[in-house]
Amino acid sequence: MSEDPYRVLGVRKEASQEEIQKAYRKLAKKLHPDLNPGNKHAEEQFKAASAAYDLLSDPEKRARFDRGEIDAEGHERPRQRYYRDFAGAGAGEHPYATAEGFSDFSDEGDLFSSIFGRGGRFNLRMRGQDAHYRLPVEFLEAVNGAVRRVTLADGATVDVTVPPGARDGQVLRLTGKGSAGVGGGPPGDAFIEITVKPHPIFTRKGDDIHLELPISLTEAVKGGKISVPTPGGPVTMRVPKGSNSGTVLRLRGKGVPRANGTRGDEYVRLKIVLPDKPDPELERFVQGWAAGKSHNPRRGMGEWNARF
């Protein structure tokens, strides 16, 4: 008999669906076989947590479990028998002692005949439970697509195709890769939740990519062509003369691929970076630069600027 799913996930029976999801995700991050290679105890705990979440994340299954209609594995519980059910039975008789004890179900029609075969033989056929997994992927794998190998609860491995443009939290479905069915029933499915790792220089907003790009003072003043990284590889971009820090340039079609074949854009925010060490030549130039002395870059700040 499986353990109480509420106890497995460490939540109260009155927990909300959001609390149940958070509890499962916390356990999955700790116990997933990919993060605990060779740890059989963690693997068993992960299986138990996945089975508990499969039951409690489904409102209908959860309600039936709370009412005692199904057990922690999702199997039907025997109907509770009361004294009146035995009234009239002869001494030593029990309505379930022989095959005839099931005839009251199977004779009523097809409703129970799929569960109890003619003649009273138990013939329950149920679909297997769904399994839930978390798949961490690199930022560029999510943008460009990739194939990753996932270890299932039964120890088998399967190659999962991460589609180009996959989003954080997106769920992929693997049909028939869940738990085996009961009584010849079909297997459940496996649901793979994608978790996208952050990137050191790229950020994603919708289907667009954003990047802060350092440029030299010379590149800012004179302009020119520079190499810019994109998820698909470096490209050449022209920086206009006199560009300031904060200037945003757009690279069309260099963002995240979409299902319709188009792509988002990449937005490049320029950031002027001076040399790490002071440059005497640059200091002499600025000292003798008359226009620079009269230029006030804070003039547009109004009264606020006058206070400082």
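Residues numbered from 1 in each chain as written. Predicted model: local features only at pLDDT ≥ 70, side-chain atom pairs only at ≥ 80, totals over all residues. Heavy atoms only, no water.

It is possible for side chains bearing opposite charge to pair when their charged atoms get close. If you walk through the whole model with that rule in mind, you get 21 salt bridges. The partner of E14 in a salt bridge is R12, and the shortest N-O contact between them spans 3.6 Å. The exposure class of E14 is exposed, given its relative accessible area of 60%. For R12, a relative accessible area of 47% gives the class partly exposed. Where K40 meets E43, a salt bridge forms, and the shortest distance between an N and an O atom there is 3.8 Å. Linking K40 with E43, this pair stays in helix α3 (residues 40–56), spanning 3 residues, or about one helical turn. A relative accessible area of 59% places K40 in the exposed class. (Salt bridge = Lys/Arg side-chain N within 4 Å of Asp/Glu carboxyl O. Buried < 20%, exposed > 50% of the residue type's maximum accessible area, 1.4 Å probe, protein only. Helix = DSSP H or I, 4+ residues; strand = E, 2+ residues; numbered from the N terminus.)

A few words on α3. For α3, built from 17 residues, the straight-helix expectation of 24 Å at 1.5 Å per residue is met to within 8% by its first-to-last C-alpha distance of 24 Å. Residues A42, E43, F46, A49, S50, A52, Y53, D54, L55 and L56 constitute the buried set of α3. Turning to α3, the residues buried within the fold contact α1 (5–9), α2 (17–31), α4 (59–66) and β1 (131–137). The N-cap of α3, judged by a side-chain oxygen 3.2 Å from the amide nitrogen of H41 a few residues on, is N39. (Expected span 1.5 Å × (residues − 1). Contact = heavy atoms within 4.5 Å. Polar contact = N/O pair within 3.5 Å; in protein donor to acceptor, adjacent residues only side chain to side chain.)

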